[in-house]
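Structure assessment
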Amino acid sequence: MIVRRFLSGLFLSTLLVLLWIPLAAQDMKVQNLVVEDVADDDGTGLQISWEPLPKEARIIEYRVYRGISSDSLFYIGRIPVNPKTGVASDRMYFYDKSYNYFLDVRASGKLKKEKQQAPDSPLYQELPKDLSITGPMLKHYRILGVIPKKEFYYHTTKIEREAPAEEEAEGDLEEGEGEEEDEGPEIETYAGLAIRQLTMYKKLIPDHEYLYTVLAVDQTGKFLPYCEPQAGTPRNNAPEKTKEFYSVYVNDIHRLQFEWSLPLNNDDIRSHNVYMMHKDDLPVFQQYVAQLKQQEKNLLASKIDTSAVIPEIENPVENPAQRIFTRPTAYPYTSVKTCYVDMTQDENGAWAIQDEDNRINVPIDPEMMGDYLFVFSLIEYPDENYPGFETFSDPIVTKTISDADLPALPAITVEDKENDKGDYNTVFWGKPIVNLTKAVIISEDREEDEDGELIRSTIKKLLVNYETQTNKHFKIYNMYFDVFDKDGNQIDTVNEFYQDNKIKVSASNGYNLKDGVTISMRFKTNHDEEIGDDYVLTQELFFNDTSRSMEPGKLMHGAEIVDDYYYMITKQPANSANFREAKKLSGFMRQLDDTINYERSIFKGVSEYDADKGIVLVSTSLSVNYDYENEASISIPIYGSVLEEDKKDAQEIVDEYTAKRDSAATDAEKDHFQMYIDHYSAQLDNEILAKAAQIKDDKKRNHFIAKIREKAARNFKYRMIKSDGQAAFRMSEVYKDAKGNERFFPVSNWFDTSKWAMLIATIIFGGMVFFMISRARKGHDFYLRPIAGIEEIDNAIGRATEMGRPILFVPSMSGLNDVATLAALAILGKVAKKAAEYDTKLIVPCRDYIVMPIAQEIVKEAHYEAGRPDTYDKGSVFFLTTSQFAYVAGVNGIMIRERTATNFYLGMFYAESLIMTETGSTTGAIQISGTDAVTQIPFFITTCDYTLIGEELYAAAAYLAREPLMLGTLKAQDYAKFIILALVIIGTALSSSHLTFFIRAFPDK
Amino acid sequence: MKRTIPLLIVIILGFTFVAHVFIPHKISQDFYFEWYLVWTKAMSPFLVLLGVMSLFMIHGTKIQRKAHNWQYSVFVFVGLIGTAAAGFIWGRQDGTPYMWIFENIQMPLGATMFSLLAFYIASAAYKAFRARSIEATVLLVAAIIVMLGRIPLGAALKIGIPETTTWILNVPNLAAKRGIALGVGLGMVATSLKIILGIERTYLGGGD
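Everything in this summary refers to the structure shown in the same document. These numbers come from a predicted model, not from an experiment.

The number of helices and strands found in chain A is 19 helices and 50 strands. For chain A, whose C-alpha radius of gyration is 38 Å, the value lies well above the compact-globule estimate of 30 Å for 1005 residues. In terms of principal-axis extent, the alpha carbons of chain A reach across some 115 × 90 × 75 Å. Put simply, chain A has 1005 residues, and 38% of those count as buried. In chain A, once contacts between residues fewer than 6 apart in sequence are set aside, the share between residues at least 24 apart is 68%.

What follows is the structure, given as structure tokens:
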């Protein structure tokens, strides 16, 4: 009978599985594959698109392949698809742009043909680690190697070889590398790295042709035929036009301010520029912009068709606008998007905008500002194929304001963040802010007519939510909310001694709050003298008829609308000449924890390789600092011999140019040679280079280099900008602390001072444990509160023995990382020993595979201790499943099949607790449970005979053992609870009397 | 030796992790995130293997011995091997046999077990709310108020039931929960201390 049932069950299961298998998709190819250049980018992006196959094909993914010749295309990515819904759109898109994965240790060792392909198929799986295959591909891409710091400093192979004829590959984020002018073959030193030591990312190269194909995979895993490969060539385009550009002229300080936004693609932008022109020059400027566009078009046309004859631009015009500001971008970081230029007046009274460094000297008439137009431009990096396109914004007229119209800028303070691992600086400013966020009507009188229509309503009480923002300087003790009606009469006041982010507002004089209220907000802080009595924030609450609710208006500080401004924190590392954006924050914010990550990886361009040795080659030099005096980045090679060589070369150049300078005929020639002498002398005299050269051991020198480099990269100057987003901003000076330091380096801390209370509590508790243990050892008899659940354990085991049925022990649903599981296992030891003594079967189904072997060992040891090793059955402690409800089903099945007489549920439990205990209850088993899961305790109490609540679970093992060591800890727990309770009562009593000093003495967390 | 070495490991690492809580320094953070967590991840596949081996041993023995209800063990193997094979052969994406098994067998069965909870809650509530004593009566009244406060009817009665519900949940209920949590916290610390100091050694297997 059973066999027949089993067979019919098996048949049904097989049928179910067969029913699932769908008809194989027809051999459908992806259609209309198109490869196009991505618009407005840096010439490294291609867009691949195709028509998706119909839903009926049950496609699970589209796989994309790329190659540089049609005979070998390598898998580069996939787009997963839901086979039930298919693809809703007409076309699917895959973007091959920016730096994305090229090769690392995860790649296959050998070249592998793609699955299910014919022998002549050009499709291969990912590029292999085998450099004899992947190496030749490197020159077709711009490769960026991301090398773990330690690998680059300490585990590279020094390789010397003849330098390649062409220039070094770009893509290296390091600056200032190699400035040799000498020509002819020379021996170059590289750092060699095995593939396992780095991850390579790639960018396409402008004007190189790439081939792509796509195939679909259906849900049976079948690879459908690939479509005909299509070629595409990425082209460098001019940057996209800036959409937002604002200007103000601050007439009393003769300052022009600008603010702008940046386009999406800005990787190749070299500089941000502002130009000025007279309104009359606009037609010529427009002609010039059109001319630039035409030049760009012509250049691209000549690249697409090299044989095409490109007509010359007729009557080219010069740009009539004059550059008044230029600044290099902070790439790869976010650039600052504001600037200002000051006008200067000469002795003749003529005004001009001057910047010697950038050779700017543009006359301007402050009285005629309305006659000028301003444009913003983005200029790309030029290269051998492209001149470096420039794109202009639409011209705008400046808005004239006065200095008083600019926002008031609070002073900033910068400090190393406390209690961190050294990866944050804290920047804070201003006074605390409170902002009303929501108002809920909690009491309303409604008058309705006979039909239930609302005639009139009076809002009597509101629950208003607020948010506070403060910084490390100001600690808010109390807040005072004064409520005024629309006529300015005070109708309520609320003192928030304990800030729970909500207040109740009611009208004392019968005023209908629906008519609108104004709430003014004041603070009591730890620095009341700095806050001042006049620091009041106000915000209105008005009734919205549509939503029939009270809504907060804008937050006001005097005449300033706080919401309308943002703060921008900018910073400059010691290894760069530029400030960059640290964070843009809303006008409510008062503090920024600026993340300053430790350097983990070094970024290097990769273009060379050695297939025999299986290594790729990268440049040996590293930018370590910035020489502000000579305006040059300082680079050091990681090999001592190269450093020596560089030094020798620099000395030779200095000697050579000194001789040339001395024999030069003109001052101009002398100046020219002197420039070179200064540059290379600066290298020779540089303190860091000199120190590095003194260290002979490569490892020690690289340790020194790493330290200097990290110090420079993580050492910042800070400034703050407060702006309305439309160029009305004020910028602070670089922050200097009391000692005059203007650079801030985050320090790694050895003790978290916010945890002193925790440490003291732990020490006190630990001391109490030791004290109680020693007392217990001396024979002191501790009174222990009787816990019914624990005392009944013996009886429950005895019951199972008498009935001749097994005991079930469920040892927690969580893993060993949960202390409750450890407590449950401690109890298991006692239960197993008793069960072994009574020769009663104990079943322990485990949900966690780490708990299982430990439970097995505990039960085994218990049998040995009981002197019954022969009765130990390893199969009685077993792994069931990790799935929550499958585990419940398994445990319930055991209860019903084995008819267990006693069930123990001890440890951590979740939603399954009730399902298990109710089943146990129906089988008539005596049930003892214990958990620290507060949400499950009620279920256990209602369905089990005895329940260990919370801490009783932890006490159970000690209670059962009755040993001094264990009892001592229990007693210490009781005394610790007494102390905590006393503190809670004192804190509650004092806080209720508005005496908050006691609770403030404890840390917030 | 069998117990001393593990005990030493526990004591040393126990104190190390206690120190880690108070030390934010990079060395301490790197020890935890770049050493401990990495090793934990590396070890877990081997531990899964232990679980799977246990399943094979228990159910293999049952089938071999033709133990009572041994047919269920066959289903365990069919499920275990079938699901694993489906995952290995066809992957785990949407539409693959593995996902079909997960969505059409595992999920409904899990949901079925979970749905039982609704009925069991009703039966547990009946047991709990029988007003056989003063405490049970208080519980019953509190439960009725909380239940009414969560439905529109409670608000419609206009006798402050939603407010009372909020008060019950935020004051006596929260106080009791925090009281339990306090005891649990201390119990955890005490248990951890016992383990670190080697007072509690049951987890090493057996009693002392």
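Anyway, onward from the coordinates.
Bringing the nonpolar core into the picture now. Residue and element names in this part refer to chain A. Membership of the largest hydrophobic core comes to 94 residues, with the highest contact counts inside it found for A823, L828 and A855. No other element matches the 13 residues that helix α12 (residues 819-837) contributes to this core. Counting residues in hydrophobic clusters, the runner-up holds 69 residues, among them V38, A57, L73 and A191.

Residues and elements named next belong to chain B. Compared with an ideal rise of 1.5 Å per residue, which puts 33 residues at 48 Å, helix α4 (residues 97-129) spans 47 Å between its outermost C-alpha atoms and is within 8% of the ideal. Where α4 bends most, the angle comes to about 30°, and this point is Q106, followed within four residues by the proline P108. For α4, the set of buried residues is P97, Y98, M99, M113, Y120 and A124.

Below, the discussion takes up the sheet that holds strand β22 (residues 390-392) of chain A. Think of a sheet as strands paired side by side through backbone hydrogen bonds, with each pair either parallel or antiparallel. Residues and elements named next belong to chain A. One open sheet accounts for four strands, arranged β17-β16-β21-β22; its pairing is antiparallel. The sheet is open, and its two edges are formed by β17 (322-328) and β22, each paired on a single side. Between one strand axis and the next, the sheet turns by 25° as a mean value, whatever way the strands run.

Attention now goes to the environment of G110(B). Structurally, G110(B) is set in helix α4. Beyond its immediate chain neighbours, meaning those up to four positions away, G110(B) contacts S883(A), F885(A) and A886(A).

This brings us to the packing of helix α11 (residues 788-803) of chain A against α12(A). Residues and elements named next belong to chain A. For the pair α11 and α12, interaxial distance at closest approach is 10 Å and the crossing angle is 35°. Handedness of the α11/α12 crossing: right-handed. For the pair formed by α11 and α12, the contact residues are I793, D794 and I797 on the first element and V831, K834 and A835 on the second.

What counts and what doesn't
- Residues numbered from 1 in each chain as written.
- Chains lettered and ligands numbered in written order.
- Predicted model: local features only at pLDDT ≥ 70, side-chain atom pairs only at ≥ 80, totals over all residues.
- Helix = DSSP H or I, 4+ residues; strand = E, 2+ residues; numbered from the N terminus.
- Rg over C-alpha atoms; globule rule 2.2 N^0.38 Å.
- Buried ≥ 20, exposed ≤ 12 C-beta atoms within 10 Å, placed from the backbone.
- Contact = placed C-beta atoms within 7 Å.
- Core = buried A, V, L, I, M, F, W, Y, C linked by C-beta atoms within 7 Å.
- Expected span 1.5 Å × (residues − 1).
- Bend = angle between axes of the 7 residues up to and from the residue.
- Pairing = 2+ DSSP bridges.
- Axes fitted to C-alpha atoms, helices over the stretch in contact; angles between N-to-C directions.
- Left-handed = near helix turned anticlockwise from the far one by under 90°.

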